[in-house]
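Analysis of the macromolecular model
The residues making up each chain are set out below.
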Amino acid sequence: MKWIIRHTERVLHSDEKWQKSVRFKENENDMPITSQGKKYLKKAVIEMMEEDRDFDNIEYIYSSPATRC
């Protein structure tokens, strides 16, 4: 089985807290995910574990270098 998950909800580029962060100064386009995004991700992983009988035998995971991915 193959799963494709696009990054989840991220902090807006205009978010004041984000713009003041050290991470913003390092790479202003690498926004982190929101609390809601983390909840969505957790739900997606649980669904994958329940639906994919071969989940324990994952051979490859491909990801963007973006932190939110």
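Placed above this text is the structure.
Residues numbered from 1 in each chain as written. Predicted model: local features only at pLDDT ≥ 70, side-chain atom pairs only at ≥ 80, totals over all residues. Heavy atoms only, no water.

1. Re the overall build of the chain
- Looking only at helices and strands, the chain has three helices and zero strands in total.
- Reading the secondary structure of the chain in the N-to-C direction produces α-α-α.
- Taken over C-alpha atoms, the radius of gyration comes to 15 Å for the chain, far larger than the 11 Å a tight globule of 69 residues would show.
- Taken over the C-alpha atoms alone, the chain extends approximately 45 × 20 × 15 Å along its principal axes.
- Sorting the 69 residues of the chain into buried and exposed places 23% on the buried side. (Helix = DSSP H or I, 4+ residues; strand = E, 2+ residues; numbered from the N terminus. Rg over C-alpha atoms; globule rule 2.2 N^0.38 Å. Buried < 20%, exposed > 50% of the residue type's maximum accessible area, 1.4 Å probe, protein only.)

2. Quick notes on the environment of R68
- Mapped onto the elements of the fold, R68 is located in the segment after α3 (35–51).
- Sequence-wise, R68 and E26 are 42 residues apart; in three dimensions their C-alpha atoms are separated by 15 Å.
- Not counting chain neighbours up to four residues away, the residues in contact with R68 comprise H7, R10, N29, D30, M31, P32 and I33.
- Within the structure, the side chain of R68 is placed 3.4 Å from the backbone oxygen of N29, a separation counted as a polar contact. (Contact = heavy atoms within 4.5 Å. Polar contact = N/O pair within 3.5 Å; in protein donor to acceptor, adjacent residues only side chain to side chain.)

3. Concerning the layout of surface pockets
- If you add up the space inside the largest pocket, you get close to 950 Å³.
- Lining the largest pocket are 24 residues, with W3, M48, Y60, I61 and Y62 sitting closest to its centre.
- Here the residues of the lining of the largest pocket are counted per class, giving 13 nonpolar, five polar and six charged. (1 Å grid on protein atoms, 1.4 Å probe; cavity = no way out; pocket = protein on both sides within 12 Å on 5 of 7 lines; lining within 4 Å. Points joined across faces, edges and corners; volume = space filled by probe spheres on them. Nonpolar A, V, L, I, M, F, W, Y, C, P; charged D, E, K, R; others polar.)

4. A short note on the environment of P32
- Note on placement: P32 falls in the loop between α2 (22–26) and α3.
- It is 8.9 Å that separates the C-alpha atoms of P32 and C69, two residues lying 37 residues apart in sequence.

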